[in-house]
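These are the residues of each chain, in order.
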Protein chains: 2
Amino acid sequence: MNSSDLLASFFAGSRRALAKVITAVENEASETPALLHAIYGRVGKAYRLGITGPPGAGKSTIVDELTKLLRRQDYSVGIVAVDPSSPFTGGALLGDRVRMADISVDPGVFIRSMATRGSLGGLSQKAQEAGDVLDAFGKDFVIYETVGVGQSELDIVETADTVIVVLVPESGDAVQAMKAGLMEIADVFVMNKSDRAGAARALHELSAILHLRPPAPWQPPVVPATASQGKGLEEIWQQVAAHREFLERHGQLHRKRRHRRESMIRELVARRLQQEFWDERAEQLLQEHLHNFPEHSLSPYDVVAALMQNAAARR
Amino acid sequence: MNSSDLLASFFAGSRRALAKVITAVENEASETPALLHAIYGRVGKAYRLGITGPPGAGKSTIVDELTKLLRRQDYSVGIVAVDPSSPFTGGALLGDRVRMADISVDPGVFIRSMATRGSLGGLSQKAQEAGDVLDAFGKDFVIYETVGVGQSELDIVETADTVIVVLVPESGDAVQAMKAGLMEIADVFVMNKSDRAGAARALHELSAILHLRPPAPWQPPVVPATASQGKGLEEIWQQVAAHREFLERHGQLHRKRRHRRESMIRELVARRLQQEFWDERAEQLLQEHLHNFPEHSLSPYDVVAALMQNAAARR
């Protein structure tokens, strides 16, 4: 299928075309810039949720249940699951996604896993682009889900319009969340597995930590939930809606989206600069230096100076 | 103190000068490239350990105990603790480091925390440079310790010569580790808190997962430990020594270090390119575009094309 046929199918609502466009984004295929350029006029309608938290907090279950709730209200949903890849499978680990069987056969839901490891960098950019593609396709909601709370995963979820941080009543979980930088990106907290012993204490601990923060126009609510039993989902949804209403009322939704666009442009520039710089001659200069490493080798700063000179001379 | 006085003190073994040079690296001070250039001739003697694992696995305790063990053998130690920062403190959270009181007063040990969040990118580069500074200062061992298992944290520890992954006997911890991409970077596994119930089963589970891997010249050993009681530290140290011996025998230590140098040069180039590109005119072009966002705005690809044209015209 050539690019214009692919785009025609995409705009006609073909799931297969959607999958192909996202695959092109993921593989940084040569036609990707042209495809994205063509769809950019339609980007901007979807509302984006980011869901993160420590491994084992039940993020996947919450995404599943929230998706079902959104589907009952007839919203269409796209899910970008940011999964680390593993050398055992050579790709994204789909363990969690298997549980999603009931939503993954729903034509109103589209799920894509993206791998963090082994990527040539730019995962955040790719996840962003995949969200844009789902948005342009007409999804009402795009949900970003992470496996862990790594920096690259946080970079992705924090571009969302509303960020949900999922914790469980483990001793010190709230403190660990603070240390992992989750406190500053959360718009809504969910204390999942609230049927467990210690839930009341954990909720109290989290509230106490939140009260240490300076007052802000939006105070992140804490929602107790037991997602595996479908409990608390309505409340999570209400808090997401309240946060959205808050963002719109204060013009912050527009600011967030403009910021997202700015980051994207800066990232695209960074990639273009790298591609232009590392031509055959530059690679050769670098390899000559490394060949002599560590004896008789220049300081890395001398090597960079030589490389920059080479690039200037080439122009 | 000017740069040459600072360097003289540094090479004379002043801890204060060491602290100042690392601070210059962390702040990307204008004199940093010159300082690093001056010390590069002395880089390459320290052996580097990376220690990672999920929050709460006891990594700090293992670093403490391992440091004490190394000190008993009269080795000097530098520790770079990669801590997420928090809006509450405005800097790196030092909770874990407080426990290190007994080693932090030892003049043979130098500890520095570096923050992941709020950094202008390049944390991996800065942590690398801090390790180089400790190396040039004459430390025999440089230990990188992370709080969590985020991508940027893994990027840092995996540049180490030997990577230790610390797990605890929690249900499914080994599976979570696999999902977080820890399996592929581990040279030595430590099953900490092995006095807990379920330790035998967890060890068995981890071994079973490891046996799924294709045979490799180095098979990561699994060391049970209870670091809080000082148990298992000798065994960890023996496995680190065995791995080092393996690397040296197969020429891999040299390859790792050359690779580290290569990554550093590529990162320095990327930063230089960005600095050169984003001059006043480029920033202005970007802001003009964002001002019109989202109505009447160009596609991000058009904006990038305009920016690249501007850069080309400037030369």
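Residues numbered from 1 in each chain as written. Chains lettered and ligands numbered in written order. Predicted model: local features only at pLDDT ≥ 70, side-chain atom pairs only at ≥ 80, totals over all residues. Heavy atoms only, no water.

J.: Quick question: what am I supposed to make of the pairing of strand β1 (residues 47-52) of chain B here?
T.: Looking along a regular strand, one sees side chains alternate from face to face of the sheet. Residues and elements named next belong to chain B. Most of β1 sits inside the fold, with six of its six residues counted as buried. Going residue by residue along β1, you find Y47, L49 and I51 tucked away on one face and R48, G50 and T52 tucked away on the opposite face as well. Where β1 meets strand β4 (residues 141-146), five bridges bridge the pair, whose relative direction is parallel. Residue pairing across strands places I51 opposite E145, the latter belonging to β4. The pairing of β1 with strand β5 (residues 162-167) spans four bridges and is parallel. Looking at the pairing, I51 lines up with I164 of β5. (Buried < 20%, exposed > 50% of the residue type's maximum accessible area, 1.4 Å probe, protein only. Helix = DSSP H or I, 4+ residues; strand = E, 2+ residues; numbered from the N terminus. Pairing = 2+ DSSP bridges.)

J.: Explain the confidence of the model for chain A here, please?
T.: Low pLDDT means the predicted coordinates in that region are not meant to be read closely. Residue and element names in this part refer to chain A. Taken residue by residue, chain A gives an average pLDDT of 85. The fraction at 70 or more is 88%. The model gives residues 85-97 a pLDDT under 50, and that stretch makes 36 contacts with residues more than four places away or in other chains. Predicted as a complex, the structure gets a pTM of 0.73 and an ipTM equal to 0.76. (pLDDT = per-residue confidence, 0-100. Contact = heavy atoms within 4.5 Å.)

J.: How do you make sense of unusual backbone geometry when you look at a structure like this?
T.: What is expected of a backbone is that most residues other than glycine have negative phi and most peptide bonds are trans. All names here are of chain A. Positioned with a positive phi, D74 is a non-glycine residue whose angle comes to about 70 degrees. Relative to the elements of secondary structure, D74 occurs in the loop between α4 (59-72) and β2 (77-83). Note on D74: relative accessible area 64%, which makes it exposed.

J.: Could you clarify how one ought to interpret the packing of helix α12 (residues 252-277) of chain A against helix α12 (residues 252-277) of chain B in this entry?
T.: In a pair of packed helices, the angle between the axes and the distance between the axes together describe the arrangement. Where α12 of chain A meets α12 of chain B, the closest approach of the two axes is 10 Å, and the angle between their N-to-C directions is 115 degrees. As for how α12 of chain A packs across α12 of chain B, the hand of that crossing is right-handed. Here V269, A270, L273, Q274 and F277 of chain A of α12 of chain A lie close against α12 of chain B, whose contacting residues are V269, A270, L273, Q274 and F277 of chain B. Looking at the contact of α12 of chain A with α12 of chain B, its residues break down into eight nonpolar, two polar and no charged. (Axes fitted to C-alpha atoms, helices over the stretch in contact; angles between N-to-C directions. Left-handed = near helix turned anticlockwise from the far one by under 90°. Nonpolar A, V, L, I, M, F, W, Y, C, P; charged D, E, K, R; others polar.)

J.: I would appreciate a short explanation of helix α10 (residues 199-210) of chain B in the present structure.
T.: Turn by turn, an α-helix covers 3.6 residues, leaving residues three or four places apart pointing in a common direction. Residue and element names in this part refer to chain B. Under the 1.5 Å per step criterion, the end-to-end length of α10 is 16 Å for 12 residues, consistent within 8% with the ideal 16 Å. All of the buried residues along α10 are A199, A202, L206, I209 and L210. In an axial view of α10, the angular spread of the buried residues amounts to 100 degrees, which keeps them on one side of the axis. Residues of α10 that are exposed and point more than 90 degrees away from the buried face comprise A200, R201 and H204. (Expected span 1.5 Å × (residues − 1). Arc of directions from axis to C-beta.)

J.: How should I be thinking about the pattern of salt bridges in this particular structure?
T.: Pairing between side chains of opposite charge can happen when their charged atoms approach one another. All names here are of chain B. Taken as a whole and judged by the stated rule, the model has 28 salt bridges over all chains. A salt bridge links K126 to E28; the nearest nitrogen and oxygen atoms lie 3.3 Å apart. Here K126, found in helix α7 (residues 123-137), pairs with E28, found in the loop between α2 (15-26) and α3 (32-39); they are 98 residues apart in sequence, far enough to count as distant. Exposure remark for E28: the relative accessible area of 32% places this residue in the partly exposed category. A salt bridge links E262 to R266, with the nearest nitrogen and oxygen atoms 3.1 Å apart. Taken together, the residues E262 and R266, both in helix α12 and four residues apart, mark about one turn of the helix. E262 sits in the buried class, given a relative accessible area of 19%. (Salt bridge = Lys/Arg side-chain N within 4 Å of Asp/Glu carboxyl O.)

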